[in-house]
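Now for the letters of each chain:
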Protein chains: 2
Amino acid sequence: MQSIEGAAARPAAPSGLRERKKRRTRDTLIRSALELFSRKGYERTTVDEIAEAAEVSQRTFFRYFANKEEVALAIQSAVDALFLAALRSRPAAEAPLPALREAVLDTWDGARAVIEAVVPLELHMRTYGLIESTPQLLAARLRSLSEVEEGLALEIARREGLDPHADPRPHVLVAAFGGVMRVTTRAWGERGEGGLDDLRELTVAYLDQLGPALAENWRT
Amino acid sequence: MQSIEGAAARPAAPSGLRERKKRRTRDTLIRSALELFSRKGYERTTVDEIAEAAEVSQRTFFRYFANKEEVALAIQSAVDALFLAALRSRPAAEAPLPALREAVLDTWDGARAVIEAVVPLELHMRTYGLIESTPQLLAARLRSLSEVEEGLALEIARREGLDPHADPRPHVLVAAFGGVMRVTTRAWGERGEGGLDDLRELTVAYLDQLGPALAENWRT
DNA sequence: AAGAATTATGTCAGTCCCTGACAATTGACT
DNA sequence: AGTCAATTGTCAGGGACTGACATAATTCTT
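As annotated in an unreviewed UniProt entry, chain A carries the name TetR family transcriptional regulator and is attributed to Streptomyces klenkii.

If you want it as structure tokens, here you go:
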């Protein structure tokens, strides 16, 4: 095994037997892990248990995932990749903020399929709360998001024909946008688990508050 | 030892010999740790080495810090506490965004003293790059920042007489603001280590880009 | 279709982070 | 001085991870 594709980039499938098997193992590991996490909590689940549930050795687990956090966040990372792809396919004429906004909404629409290819939707939904309530996972998730944001900033800069090193606006915009998205998903998670449709709605509502929140006077 | 005060809340000093000794031990651990991290890198430094450098047992180290990350971020947490305090002492009449803006600037001004009470300023400065280049530390730092942001949001809500659970603006504003601050300190760190004055300058510059970055049209 | 070359997996040993339990020491208080 | 409480050290152990090497499974070659 020279390189296992991150959850992020899943190539079109060169699909020999070998590749199919690896994918199956990987998906099984994710499913086993999420089920155990959901049942016993993240910290009280050991990697040995996950490996055993997926019928591989602990060593193999670590060949698929760099650490315990990575398996917990695997699906999230796949959705992140979707988001980045969505932004790349927004029309070039669109202004930066609208492009980001529409890209997230596109993502929520397309996420279902990506998720259900690996785990039951409901199991994935439960991981949002798990992440939020597990310090180590939240930390890993935030770091992962900061990488996504870097990618978004570069893409925005490219769209606008700017040098992201010279003009701070791409990074500033994406940082503000990313902050609002985090707050949105957190609020959504706290509202006791609505579906992807509710998330979509909240996203719109929160993004619409960005302008007003920056305004000088909040008493309107 | 019933409770060690987090770096955050450092009480006025009831100062018996016992308290003074604890403080000295804590500061020594921080200094030893940062020196080792700076010299050998975070991951290649073991807790045993830190403990030995500070002349305490490994077990004692873990009574002062919940984990290795915490000692690396101890000073940052102290500065965070300064920030929160700075916001609380902004005049009530000030609008939310200006209050946050002035609070950071006040913080950068007052930080020097807090830092130098524990470690040489230059040693602290080097930790910014360390955090940025150490995945585990960056993750922990981002998580820590998200807690700070929650505190800021609650304070903004209080100032404005709002229920933060009902009105999303406090959280949205703080998330956007926090995002920009992260980008700012990162850019500052990458510009090969200027001083606190440069950081202050960059803060102003980046915050001033927030409005323009959200604008529809970037071509002005 | 059989063997050679790759690649994936398992086993083992070891390091490091972190924790609970208990004993020993040290400062506080009368 | 003597008691009480808080701090520290020692020890044993669990769990995340890694490097090294052997084994087994695919793929490639002829």
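Once you've had a look at it, read on.
Draft legend 1. Here's a closer look at the relation of the copies chain A and chain B. Rotating chain A by 180 degrees and moving it 0.0 Å along the rotation axis overlays it on chain B with an RMSD of 0.1 Å. Taken together, the rotation angle and the small translation identify this as a two-fold axis. In terms of C-alpha distance to the rotation axis, chain A has A176(A) as its closest residue, with the C-alpha 1.9 Å off the axis.

Draft legend 2. The arrangement of the nonpolar core in detail. Membership of the largest hydrophobic core comes to 136 residues, with the highest contact counts inside it found for I30(A), F37(A), L100(A), I30(B), F37(B) and L100(B). Among all residues touching F37(B), those that are not within four sequence positions of it are Y42(B), T45(B), I50(B), K68(B), V71(B), A72(B) and L130(B).

Draft legend 3. The arrangement of helix α1 (residues 17-40) of chain B in detail. Residues and elements named next belong to chain B. Taking 1.5 Å per residue as the helical rise, α1 with its 24 residues ought to reach 34 Å, and the 34 Å between its terminal C-alpha atoms agrees with that figure. Packing partners of the buried residues in α1 comprise α2 (47-53), α3 (58-64), α4 (68-72), α5 (74-88) and α7 (121-133). Downstream of α1 by one or two residues, G41 has phi in the positive range, about 90 degrees.

Draft legend 4. Fine view of the pattern of salt bridges. One pass over the full model with this rule turns up 34 salt bridges over all chains. K40(A) serves as the salt-bridge partner of E49(A), at 2.7 Å between the closest nitrogen and oxygen. K40(A) gets classed as partly exposed once you look at its relative accessible area, which sits at 25%. R88(B) is the salt-bridge partner of E155(B), the closest N and O atoms lying 3.8 Å from each other. Of this pair, E155(B) sits in helix α8 (residues 135-160) while R88(B) sits in helix α5, and the two are 67 residues apart along the sequence.

Draft legend 5. Region of interest: the UniProt feature "domain: HTH tetR-type" (unreviewed entry) in chain A. Taking the UniProt record as the reference, the feature "domain: HTH tetR-type" (unreviewed entry) is found at residues 23-83 of chain A. Note that residues 23-83 of chain A is 77% helix and 0% strand, and that its end C-alpha atoms are spaced 22 Å apart.

Draft legend 6. Spatial organisation of the packing of aromatic side chains. In total, this model carries 10 aromatic pairs over all chains according to the counting rule given. Their ring planes at 85 degrees and their centres at 5.1 Å tell us that F61(B) and F62(B) sit as a pair that is edge-to-face. Summarising the aromatic geometry, the rings of Y128(B) and W188(B) are spaced 5.0 Å apart at their centres and angled 85 degrees between planes, so their arrangement reads as edge-to-face. Here W188(B) lies in helix α9 (residues 169-190) and Y128(B) lies in helix α7, a separation of 60 residues in the sequence. Each member of the aromatic cluster is reached from another via a ring pair, and the members are F61(A), F62(A) and F65(A). A cation over an aromatic ring shows up here: K68(B) above the ring of Y42(B), its NZ or CZ 4.5 Å from the ring centre.

Draft legend 7. A look at the domain arrangement of chain A. All names here are of chain A. Its domain assignment divides chain A into domain 1 (7-70) and domain 2 (73-213). Each of domain 1 and domain 2 has a C-alpha centre, and the two are 24 Å apart. Opposite the 16 residues of domain 1 that make contact, domain 2 presents 18 residues. Between domain 1 and domain 2 the total buried area reaches about 1400 Å² when both faces are included, carbon and sulfur atoms providing 69% of it. Looking at the side of domain 1 facing domain 2, the largest losses of area belong to L34, Y42 and E69, adding up to 39% of the total buried there.

Draft legend 8. Expanded view of the UniProt feature "DNA-binding region" (unreviewed entry) in chain A. When the UniProt feature table is mapped onto this chain numbering, "DNA-binding region" (unreviewed entry) sits at residues 46-65 of chain A. Note that residues 46-65 of chain A is 70% helix and 0% strand, and that its end C-alpha atoms are spaced 14 Å apart.

Draft legend 9. Inspection of the interface of chain A and chain B at higher detail. Taken together, the contact pairs 39 residues of chain A with 39 residues of chain B. Taken together, both faces of the contact between chain A and chain B bury some 3700 Å²; the carbon and sulfur share is 68%. The largest per-residue losses of area from chain A upon contact with chain B belong to R169(A), L214(A) and W218(A), which jointly make up 21% of the total buried on that side. Summed over the shared surface of chain A and chain B, the number is 6 salt bridges.

Criteria and thresholds
- For every chain, the first residue of its written sequence is number 1, and the numbers climb from 1 along that sequence.
- To read the labels, note that chains go from A and ligands from 1, taken in the order they are written.
- Thresholds applied to this predicted model are a pLDDT of at least 70 for local features of residues and 80 or more for the giving and counting of side-chain atom pairs; totals over whole chains, interfaces and linings are not thresholded and use all residues.
- As a rule here, side-chain values cover all heavy atoms of the structure and leave hydrogens and water aside.
- Alignment of copies: least-squares fit on C-alpha atoms of residues with pLDDT of at least 70 in both copies.
- We define the nonpolar core as a collection of buried residues of types Ala, Val, Leu, Ile, Met, Phe, Trp, Tyr and Cys that are connected through side-chain atoms lying within 4.5 Å of one another.
- In this scheme, a residue with accessible area under 20% of its type's maximum is buried, one over 50% is exposed, and one in between is partly exposed, where area comes from a 1.4 Å probe on protein chains only.
- We call two residues in contact whenever any of their non-hydrogen atoms come within 4.5 Å of each other.
- Comment: elements are numbered from the N terminus, with helices defined as DSSP H or I runs of at least four residues and strands as E runs of at least two.
- For a helix, the expected span equals 1.5 Å multiplied by the number of residues minus one.
- We define a salt bridge as a contact between a side-chain nitrogen of Lys or Arg and a carboxyl oxygen of Asp or Glu at a distance within 4 Å.
- UniProt positions are given in the numbering used here, feature names are shortened, and annotations may be inferred rather than shown by experiment.
- Only centres within 6.5 Å qualify two rings of Phe, Tyr or Trp (six-membered ring in Trp) as a pair; their planes then separate them into stacked at under 30 degrees, edge-to-face at over 60, and tilted for everything else.
- Whether a charge sits over a ring depends on NZ of Lys or CZ of Arg being within 6 Å of the ring centre and within 35 degrees of the ring normal.
- Each domain's extent is set by a domain assignment, obtained either automatically or from a database.
- Buried area, as used here, totals the accessible surface that two parts lose on assembly, with accessibility defined by a 1.4 Å probe and the loss added over both.

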